[in-house]
Structure formats: structure tokens, C-alpha cells
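Each chain, written out:
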Amino acid sequence: MSTTIYLLLFSLFIPSTHPQSFISILVSQTGLNFAKDLLVTEAISSLTPLQIPQIEKTVRIPVIGKVHIVLSNITIYRVDVPSSIVKPGDTGVAIVASGTTCNLSMNWHYSYSSWLVPISISDSGRASVQVEGMEVGLTLGLENQEGALTLSLMDCGCHVNEISIILDGGASWLYQGLVDAFEKQIGSAVENAIAKKLEEGVSKLETLLQGLPKEVAVDDSAALNVTFVSDPLLTNYSIGFGINGLFTKMKKDLVSSYYHKNLHPSVDCTNPSKMLGISLDEAVFNSASTLYFNAAFMQWIVDKVPDQSLLNTAGWRFIVPQLYKKYPNDDMNFNISLSSPPVIQISTHNVDAIVYADLTIDVLEAGDVVPVACISLVIRASGSVKISGNNLAGSVKLNDFTMSLKWSKIGKLRMYLIQPVMWTFIETVFLPYANLHLGKGFPLPIIQGFTLENGEIICSDSQITVCSDVSYTETYHQHHLSKPLYLQST
């Protein structure tokens with residue numbers, strides 16, 4: 001049975017009440033129905049063909065006497081499920097298929113002898129069996145153990161209501177003999193075979209759940225901590241899980257325990273028909289900010305700008321005359337470093353960022369880099385968020401900034417003359433550079449083979465919620481089922 005589809009129900013999306021859950025994800029009834037339909041389709045595929053053990057029995061036929069009958073090569077070759085439901089509850093997730101029919105083919109053989117005919121008489125042929133009104137159901141339990149999901153089969157059953165047999169050849173008495181002798185045995189064999197197959201599928205799923213990664217790579221330095229932090233939350237109409245959701249160093253501990261505050265992130269989608277909602281607390285974004293700051297990624301040297309004259313002292317001769325006088329026609333660099341992690345603030349309809357940066361003006365003189373002045377910047381920007389594949393991406397634009405002289409080796413600077421230059425630099429260099437990286441985004445916890453569709457983004461107090469449908473790529477399943485299933489970054 002397809003483990004990929006099973007994982008949609010239990011690992012694809014994740015509400016949480018654990019204090020260390022920063023991403024809350026909820027699957028609606030619509031999402032569960034979508035998963036159930038895929039699950040049923042894949043279950044049918046895995047059940048056919050299904051071989052059933054040979055059945056044999058000696059029966060007494062009026063006039064004929066004792067007849068030994070053997071049914072062999074019993075094969076379920078078709079299963080139809082006209083109706084099915086998935087129902088989460090307090091104790092587990094129940095999946096029930098009703099009115100199921102299945103078709104079987106088999107070989108029959110009989111032999112007998114009697115006082116009238118001292119020699120053994122035998123015959124053989126084919127038969128087809130129709131099983132109708134079958135009920136198939138299972139209930140699965142889920143628990144969190146040390147950051148991983150464990151799956152248990154709480155109940156599993158299959159019940160056959162009616163069987164009809166069509167013989168290809170054979171005497172007339174054989175039909176009634178088969179029905180009388182084997183109807184219950186065939187039904188019981190079908191029930192046991194299907195139940196066993198379902199148990200095997202659940203066992204394989206449990207193995208895969210234990211192998212799910214506990215972090216999702218964002219790049220070579222950062223990962224998203226996707227360990228489960230609480231038992232699944234089941235209601236009558238939804239299923240959810242809680243994950244940590246903070247950015248971490250690759251294969252390292254969390255960025256900072258500062259973010260371990262008491263959170264109860266909720267998932268509120270305005271359109272209840274959406275299959276899932278994913279809620280991210282602003283702590284997720286601030287953990288990314290802290291990680292990249294601590295890793296010294298938030299500093300770079302700018303030696304090319306759209307207006308290259310800004311990187312020569314001649315372009316500053318009317319703005320900072322003493323700079324040009326001391327270093328005439330020398331090239332320059334801007335050395336940018338953030339003095340603290342950017343602060344992300346999320347409110348209704350808005351995502352704001354405050355960036356604290358130091359811009360050091362370097363003069364390139366005779367092969368030496370000479371720092372001449374440092375300007376402190378406080379940049380206030382507003383952001384927009386978008387869904388890009390299975391990633392959450394974004395961009396920022398400048399609202400305003402303030403600046404002050406931190407130190408200078410060339411005397412006092414007239415900051416009001418420098419301000420237009422800084423505005424141009426922020427708009428044409430700093431923000432495009434930031435947006436280049438923000439546009440790539442980071443991965444949401446989605447199993448490979450599934451894609452977000454028709455998503456919408458809702459900003460509320462301290463959190464961003466993604467409400468979306470999903471699609472399933474059948475070709476992915478066909479080509480990757482034998483490979484490990486990892487959460488993906490697009």
C-alpha cells in the first residue's frame with residue numbers, strides 16, 4: 001500500500017498547544033477527504049492482484065456421497081470502493097470503505113468415488129466470485145515520541161456480506177456444493193487477506209514515519225527544525241500536529257532559547273474549504289534572522305553600484321570635500337555589516353522589518369584599504385509575502401531610515417548632504433540584494449510529491465497563515481517510491 005499517500009494524512013501538514021511549537025498547521029475536512037481519496041485509490045492498486053491461500057474440503061453431496069473439493073489459485077483481481085469516509089476522533093483516525101465489491105478468479109477441482117462407481121471420478125475448471133457489500137475499516141493511533149511520530153494500528157477489520165459464484169463447467173450439483181461448503185470460507189479468506197494487507201501497509205508507514213528527518217535544509221548553513229513537539233490534535237473535523245519550526249544551524253542545536261516562549265499559535269483560514277492552513281509565528285522569521293547574523297552572513301563589501309561614480313572620491317567632492325581633498329580620484333568600497341539581527345514584526349495586513357547596519361566607507365589607496373568613516377543606519381522596511389512552489393518567499397521595500405555618524409577620520413560630515421546618497425544606495429543596492437535572497441524563500445514542511453495550490457496568505461497579530469489546497473503528482477510517486485521521503489525545499 002502506498003506509503004506516500006499515507007504520509008499525507010499524518011505528516012503533510014501540522015494546531016499545537018506545546019510551548020515550543022512555532023509552526024501550527026491544520027488539515028481541514030476537505031483536506032482529509034482529499035487524502036482519503038488518494039489513499040483509497042492507492043490501497044486498491046496495492047490490493048490487486050492479491051493471492052489467497054488454497055482452500056480444500058471434503059463435503060457430502062446427496063446421491064454422490066463424499067466429494068473432495070480443492071479451490072486453488074484464488075486471486076482478487078478487482079476492487080471497487082463506491083463510498084468511503086475518514087473521521088478523526090479522540091482516540092484515532094478512522095477510515096471506512098462501505099459497499100465495497102471485489103472480483104475473484106480461481107481454479108476448482110473435485111474427485112470422488114462411490115459404491116456405484118468403484119473408480120475415482122474427477123473434474124476441474126475455472127470459477128469467478130463476486131463479493132458484494134463488503135465493509136473495510138481501520139483506526140490508526142498517532143503519538144509523539146522524542147520528536148518523531150509513532151503510528152499504531154488500533155483496529156482493523158473487513159466484513160463480507162454476500163458472495164456469488166459462477167462456475168465455468170462442472171456438474172449442476174457442484175455449484176450448490178461449492179456454495180454450501182465454501183461460501184463462508186471464501187468470505188473469511190477474503191477478509192483475512194485484506195486485513196493482513198492493510199496491517200502490512202501500516203507497518204511500512206510506521207517505519208517511514210520513524211525515518212522522517214528532523215530538520216529541512218534551507219541552504220548550506222541553515223535548516224528548519226521540524227521535530228514534532230506534541231501529540232497530534234484530533235477533532236471531529238480536522239487533524240493537526242505541532243512542530244518546532246525555528247531555524248537552526250545544520251546538524252546543530254536551536255539558535256537561541258530566547259524564542260521558547262509560551263505560544264499557542266492558531267490556524268484561522270477565512271475560506272473553510274481550503275485543505276490546510278499553516279500558521280508561522282514571527283519567532284520563526286526572527287530565528288532565521290538571528291541564525292544568519294550569528295553566522296556572519298549579514299556583512300558584505302560593495303564594489304559595484306548602478307551609479308559607479310559613488311565609488312570614487314571624485315563623486316563625493318561636493319558632498320564631503322575633505323574626502324576628495326585627502327584622497328583625490330581614489331576608488332572606494334562600502335563595507336556593510338549589520339550591528340544586530342534584523343527584527344521582524346507581523347501585524348494585521350503588515351510585515352515590518354527594522355534593520356540596524358553600519359556602513360563603513362573604505363578608500364582604496366595604493367593597494368591598501370583605508371577605512372575613513374562609519375555611518376550607522378536604522379532602516380525601516382515593509383514586506384510582502386508570497387507562496388513560491390512549496391516555499392514561503394517575500395520582498396521588502398523602504399519606508400524610511402535614519403542615520404548618524406558613528407566615527408570619522410576625515411572630520412565632521414554634513415549628514416544632510418549624505419542622506420540622499422544613502423537613500424539611493426539603500427534603494428538601488430541594499431534592498432535589491434536583500435530581495436534576491438528573500439525571493440528564494442524557505443521550505444514549508446511539505447512531503448515531496450505534493451504541491452501547494454491556490455494559496456492565500458493572511459497576516460494577523462504576530463503570525464502569518466498560509467491557507468491552501470494541495471495537488472498530488474502521480475508521476476513522482478511512480479518514480480520515487482523506492483527512495484527516502486524527505487521534506488523538500490523548492
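Look a little higher up for the structure.
Residues numbered from 1 in each chain as written. Predicted model: local features only at pLDDT ≥ 70, side-chain atom pairs only at ≥ 80, totals over all residues. Heavy atoms only, no water.

Topic: the sheet that holds strand β10 (residues 215-217)
The line we're drawing: A pair of strands is labelled paired if DSSP reports no fewer than 2 bridges between them. Runs of E in the DSSP output that reach at least two residues are strands. Runs of H or I that reach at least four are helices, and both are numbered from the N terminus. Helix axes use the C-alpha atoms of the stretch in contact, all axes being lines fitted to C-alpha atoms, and the angles between their N-to-C directions lie in the range 0 to 180 degrees. For this analysis, residues touch if any pair of their heavy atoms sits within 4.5 Å.
Spatial strand order, β10-β11-β14: three strands in an open sheet with antiparallel pairing. Edge positions in the sheet fall to β10 and β14 (247-249), since each has one partner strand and no second. Direction aside, neighbouring strands of the sheet carry axes that sit 40° apart on average. Note: strand β11 (residues 222-225) against β14, three bridges, orientation antiparallel. Residue pairing across strands places A222 opposite K249, the latter belonging to β14. The strands touched by helix α4 (residues 282-294) within the sheet are β11 and β14, with β14 carrying the most contacts at an inclination of about 25°.

Concerning the sheet that holds strand β1 (residues 23-27)
Paired through backbone hydrogen bonds, the strands of a sheet run either parallel or antiparallel to each other. Spatial ordering of the open sheet is given by β12-β13-β1-β15-β24-β23, a layout of six strands whose pairing is antiparallel. Of all strands in the sheet, those with a lone pairing partner are β12 (233-234) and β23 (450-460), marking the two edges. Two strands pair when backbone bridges link them, and β1 and strand β15 (residues 276-281) are joined in this way by five bridges, in the antiparallel orientation. By the bridge assignment, I23 is partnered in β15 with L280. On the sheet, helix α2 (residues 29-47) packs against β1, β13 (239-243), β23 and β24 (463-472) and is oriented at approximately 30° with respect to β24.

Looking at the state of the cysteines
Stated precisely, the cut-off is as follows: The disulfide criterion is simple: two cysteine sulfur atoms within 2.5 Å.
One pass over the full model with this rule turns up one disulfide. There is a disulfide in this structure between C269 and C467, and the S-S distance comes to 2.0 Å. Looking down the S-S bond of the C269 and C467 bridge, the torsion is -95°, so its handedness is left-handed. On the criterion of sequence distance, the pair formed by C269 in the loop between β14 and β15 and C467 in strand β24 is long-range, its members being 198 residues apart.

Some points on the nonpolar core
Our working definition: In this description, a nonpolar core means a group of buried Ala, Val, Leu, Ile, Met, Phe, Trp, Tyr and Cys residues linked to one another through side-chain atoms lying within 4.5 Å. Type-normalised accessible area, obtained with a 1.4 Å probe on protein chains alone, sets the label of each residue: buried when under 20%, exposed when over 50%, and partly exposed for intermediate values.
Grouped together as the largest cluster of nonpolar side chains are 137 residues, with contacts concentrated most on I186, V190, W316 and I418. The element that contributes the greatest number of residues to this core is helix α3 (residues 172-210), accounting for twelve residues.

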